Amino acid sequence: MCIRDRFWFSGAVANNLATKHALRQTPLPLLVCTVGMLVQIAITQGVRTRSQGGIPGCLLVSPCGWLPRSTVVVLSVATAAAFICHRLALSFGSVSFTITVKSCNVAITALIAAIRDPSLFSGIRPIAVMLVVAGIGIAAAAESPFPASCLLAALGSGLAVSLKTAIAKPVLKKASPAQRVELYGDSMLGAVLVTLPACLLLEAPAILEFWPKMSIERVAEVVISGGCLWWMEYGCYVYLARVSTVSHGIANGLCSLCVIVCGSLAAGSWPTVQQMAGVGTTSLGVALYNFT
């Protein structure tokens, strides 16, 4: 799993740093979110075309016929909510704090999994999960005081990620590799259909006002941010298809700490003693969970 870990984790670091930089230059979070999803659809369409021997697949004509439409719709809405809240949180606060609070999905995912299958929490696994959550909390408290708007948006993103994980896991477990690509692309298309109207409704005046300031460099930064989003999300899907939701949540907690540390370094500051204590506590929880 080491290579998949690195692919997902490095994508998460690149996505958050690239998006934060893009939002500094283009302070339109819903526009950045929408463009990011469109870039993901374009990349996924390319992957689908290649897998079909050069024959273009059509996301619009043949949406996941092997799945109930309601499942794709709920997954699309959860994906849109996760991305929108994540972009809003990054526009309100720092990368490290956003990811720290968003990591509440570790606890939520574990709770959902425990309700579905109590055997997943046998032995010392509950202690391991609590250590992961405690470590994230310790690291989050290091940035107090923090913007309430960033806190609420990051919590919303964490809740949406938990819902998306809970819905996607049973589907990915049964799907073929080609169907996984199809599900990923179609859920992104559905997410765009949710995000685009919100973007036009809420940000249209700001977009028109900011448009004269748009340059090739700023457009490129937003597009690169979208490419990094695909990198992270596809790595996350590949990993989730091969492990349980709890194992995915534990790995997500470790991934978050990688982003927190890299975000602090990118901001020009070393992680504080309290942040490192949070990293150590979470790492201990991950090691304990994997040991069992």
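Here the residue numbers are simple positions, counted from 1 along each chain's written sequence. For a predicted model such as this one, the threshold for reporting local features is a pLDDT of at least 70, and the threshold for listing and counting side-chain atom pairs is 80 or more; totals across whole chains, interfaces and linings nevertheless cover every residue. The side-chain figures draw on all heavy atoms in the structure; neither hydrogens nor water molecules are used.

1. What about the pattern of salt bridges?
Should their charged atoms come close, side chains of opposite charge can pair. What counts here: For this analysis, a salt bridge means a side-chain nitrogen from Lys or Arg found within 4 Å of a carboxyl oxygen belonging to Asp or Glu. Note on conventions: DSSP H or I runs of at least 4 residues are helices, E runs of at least 2 residues are strands, and numbering of each starts at the N terminus. Residue exposure (1.4 Å probe, protein chains only): buried if accessible area is under 20% of the type maximum, exposed if over 50%, otherwise partly exposed.
Tallying each qualifying case throughout the model produces one salt bridge. Of the charged contacts in the structure, one is a salt bridge between Lys164 and Glu233, with a shortest N-O distance of 2.7 Å. A residue pair is termed long-range when its members are at least 10 positions apart, and Lys164 in helix H7 (residues 148-174) and Glu233 in helix H9 (residues 216-240) qualify at 69 residues. One exposure class covers both Lys164 and Glu233, and it is buried.

2. Quick word on the packing of helix H6 (residues 125-141) against helix H10 (residues 245-266)
Selection criterion: Only C-alpha atoms enter the line fits that serve as axes; for helices the fit covers just the stretch in contact. Angles between N-to-C directions range over 0 to 180 degrees. Angle categories are assigned with fixed cut-offs, so that under 35 degrees is roughly parallel, over 145 is roughly antiparallel, 65 to 115 is roughly perpendicular, and the rest are oblique. Should the near helix be turned anticlockwise from the far one by less than a right angle, the crossing is left-handed, and should it be turned clockwise, the crossing is right-handed. Whether two residues are in contact is decided by their heavy atoms, any of which lying within 4.5 Å being enough. For this scheme, ten residues count as nonpolar: Ala, Val, Leu, Ile, Met, Phe, Trp, Tyr, Cys and Pro. Four count as charged, namely Asp, Glu, Lys and Arg, and the remainder, Gly too, count as polar.
Look at H6 against H10: their axes get within 10 Å of each other, and the N-to-C directions meet at 30°. Taken together, the axes of H6 and H10 are roughly parallel relative to one another. Judged by the sense of rotation from one axis to the other, the crossing of H6 with H10 is left-handed. Contacts between H6 and H10 involve Val129, Val132 and Ile136 from the former and Val246, Ile250 and Gly253 from the latter. The residue makeup of the contact of H6 with H10, split by class, is five nonpolar, one polar and no charged.

3. Re a nonpolar patch on the surface
Put simply, the rule reads: Nonpolar side chains (Val, Leu, Ile, Met, Phe, Trp, Tyr) within 5 Å and like charges within 9 Å form the patches, drawn only from residues with over 30% relative accessible area and no salt bridge. Computed with a 1.4 Å probe, the accessible areas rest on the Shrake-Rupley method; for each residue, only the protein chains presented here act as cover.
A contiguous nonpolar patch, built from Val73, Val77 and Val194 and spanning about 210 Å² of accessible area, is present on the exposed surface. Considering the arrangement of structural elements, one finds Val194 in helix H8 (residues 177-210).

4. Focus on empty space enclosed by the protein
Note the following rule: Within this scheme a cavity is a closed region of a 1 Å grid, computed over the protein atoms alone, that accommodates a 1.4 Å probe without allowing it to escape, whereas a pocket is open but has protein on both sides within 12 Å along at least five of seven lines; lining residues each have an atom within 4 Å of a point. Grid points are joined across faces, edges and corners, and a volume is the space filled by probe spheres set on the points.
Scanning the entire structure with this criterion turns up three cavities of 30 Å³ or more. If you add up the space inside the largest cavity, you get close to 210 Å³. Forming the boundary of the largest cavity are 18 residues, of which Trp8, Lys102, Val161, Met232 and Asn252 lie nearest the centre. Ranked by residue count, the leading element in the lining of the largest cavity is H10, at five residues.

5. Things to note about the environment of Val129
Locating Val129 in the fold gives a position in helix H6. The class of Val129 is buried, set by a relative accessible area of 8%.

6. Some thoughts on the state of the cysteines
Stated formally: Disulfide assignment relies on a single distance test, namely cysteine sulfur atoms paired within 2.5 Å.
With the rule as written, the count across this model stands at zero disulfides. Cys33 supplies the cysteine sulfur nearest to Cys85, a cysteine that is in no disulfide, at a spacing of 9.3 Å.

7. Examining the packing of helix H3 (residues 69-92) against H9
Where H3 meets H9, the axes come as close as 14 Å, and the angle between the chain directions of the two elements is 130°. If you check the angle between H3 and H9, you find them oblique. Once H3 is placed against H9, the crossing between them reads as right-handed. Between H3 and H9, the contacting residues are Leu75, Phe83 and Arg87 on the first element and Ser225, Leu229, Glu233 and Tyr237 on the second. Taken together, the residues of the contact of H3 with H9 break down into four nonpolar, one polar and two charged.

8. Let's talk about the environment of Ile84
Here Ile84 shows up in helix H3. Between the C-alpha atoms of Ile84 and Ala198, which are 114 residues apart in sequence, the distance is 9.7 Å. For Ile84, the residues in contact, after removing those within four places along its chain, are Leu30, Cys33 and Thr195.

9. Focus: the confidence of the model for the protein
Low pLDDT means the predicted atomic positions in that stretch should not be read closely. What counts is decided by this rule: Confidence scores here are pLDDT values: one per residue, from the predictor, ranging 0 to 100.
Mean pLDDT over the protein stands at 79; residues scoring 70 or higher make up 85%. Scored below 50 in pLDDT, residues 54-63 makes 21 contacts in the model with residues more than four places away or belonging to other chains.

10. Overview of the side chain of Arg87
For clarity, the threshold we go by: Residues counted as positive are Lys and Arg, residues counted as negative are Asp and Glu, and His and the chain ends are not counted. Side-chain atoms alone can form a polar contact between residues adjacent in sequence; in general such a contact is a pair of N or O atoms within 3.5 Å, and within protein one must be able to donate a hydrogen while the other accepts it.
In this fold, Arg87 is placed in helix H3. It is Glu233 that comes nearest to the buried, bridge-free Arg87 among opposite-charge side chains, at 7.6 Å. A distance of 3.2 Å separates the side chain of Arg87 from the side chain of Thr19, its partner in a polar contact. A polar side-chain atom of Arg87 sits 2.8 Å from a polar atom in the side chain of His86. Ignoring anything within four residues of it in the chain, the contact list for Arg87 reads Asn15, Thr19, Leu23, Pro29, Val32, Cys33, Ser225 and Leu229.

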